[in-house]
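The lines below spell out each chain.
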Amino acid sequence: MKNLRNALLLKQLYQLKQLGFKYTSVSPYKKEEPDLTLPNTLEKLRKQALECHLCGLSKSRTHVVFGEGDPHAALMFVGEAPGSSEDSMGKPFVGRSGELLTKMIENVLHLKREDVYISNIVKCRPPNNRTPTPTEAHTCQPYLLKQIELVKPELIVALGATAYHYLTGDESPISKARGIIQQQKNYAIIPTYHPSYLLRNPSAKKEVFEDLLKVEKLLKNNML
Ligand code: URA
């Protein structure tokens, strides 16, 4: 809730800045505070996200890509942002990198795609597939944090540097952080390379394979 309040506050400050204000003594939301609590079911949260206009990405999106999968999955994947296929279909990881992610889930983890939960740091496609800005990522963060709270995964695979950075606050290069399990309060995080990086650098598949074997072992042996 604090994140959502901050996101709304940030949005209002940007709007004032665009209007030419340099300073403001306005105290937003002091009187008649809107209800800033996010819904406590994935379905209601999805409906709210589908109507979100908190950041500029909402202007150019075709569909909000909320996320999908088992609502009680022990394993969650978090990517960076929807690409063009995801934006057209409203589903995460359905393009070329999605095909590779599905293969990783099925052939290495021996799970079905429907058995895991898949989401992204931001729910709308950034124009030209650029990396989401910090403002966009932080504005969208309450949705992801609520998804995590509701799904309650034991382990989150952070796909790529952007996902890793915004999930942990750690800015280490993904090449250094990958494969290292980080225990958070209610779940563990393991970063690995993003599937789109693997499409460009197939030789890194070996490392991702190693990371996923770790994931499989942790889940199988209830080590989390
Ligand atoms: N890349 C991502 O990070 N997420 C998607 O959903 C698709 C491609």
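Every value quoted in this text rests on a predicted model; they were computed, and no experiment measured them.

Peer 1: Which parts of the structure should I look at to understand the domain arrangement of the chain?
Peer 2: Domain parsing of the chain yields domain 1 (1-32) and domain 2 (39-220). Each of domain 1 and domain 2 has a C-alpha centre, and these two points are 29 Å apart. Taken together, the contact between domain 1 and domain 2 spans 7 residues of the former and 7 residues of the latter. Summed over the shared surface of domain 1 and domain 2, the number is 0 salt bridges. Applying the counting criterion to the domain 1 and domain 2 interface returns 0 residue pairs in polar contact (both at pLDDT 80 or more). Of the residues that constitute the side of domain 1 that touches domain 2, the class distribution is 5 nonpolar, 1 polar and 1 charged.

Peer 1: Whenever I open this one, unusual backbone geometry confuses me. Can you help?
Peer 2: Phi at Phe-93 is positive, roughly 50°, even though this residue is not glycine. For Phe-93, the location among the structural elements is in the loop between α4 (84-89) and α5 (96-108).

Peer 1: Can you help me understand the environment of Pro-127 in this one?
Peer 2: Within the secondary structure, Pro-127 is located in the loop between β3 (117-120) and α6 (134-151). Spatially, the C-alpha atom of Pro-127 lies 7.7 Å from that of Leu-57, the residues being 70 residues apart in sequence.

Reading the values: the criteria
- For every chain, the first residue of its written sequence is number 1, and the numbers climb from 1 along that sequence.
- For this predicted model, a pLDDT threshold of at least 70 governs which residues receive local features, and a threshold of 80 or more governs which side-chain atom pairs are given and counted, while totals over whole chains, interfaces and linings are taken from all residues.
- Water and hydrogen atoms were dropped before computing side-chain values, which therefore reflect all heavy atoms in the structure.
- Note: domain ranges come from an automatic or database domain assignment.
- By definition, residues are in contact when any of their heavy atoms lie within 4.5 Å.
- Take a side-chain nitrogen of Lys or Arg and a carboxyl oxygen of Asp or Glu: if they are within 4 Å of each other, that pair is a salt bridge.
- In protein, a polar contact means a hydrogen-donor-capable atom and an acceptor-capable atom, both N or O and within 3.5 Å, with residues adjacent in sequence counting only if both atoms are side-chain atoms; elsewhere, any N or O pair within 3.5 Å suffices.
- Gly is placed with the polar residues, together with every amino acid not listed as nonpolar (Ala, Val, Leu, Ile, Met, Phe, Trp, Tyr, Cys and Pro) or charged (Asp, Glu, Lys and Arg).
- Numbering of helices and strands runs from the N terminus, with a helix taken as a DSSP run of H or I at least four residues long and a strand as a DSSP run of E at least two residues long.

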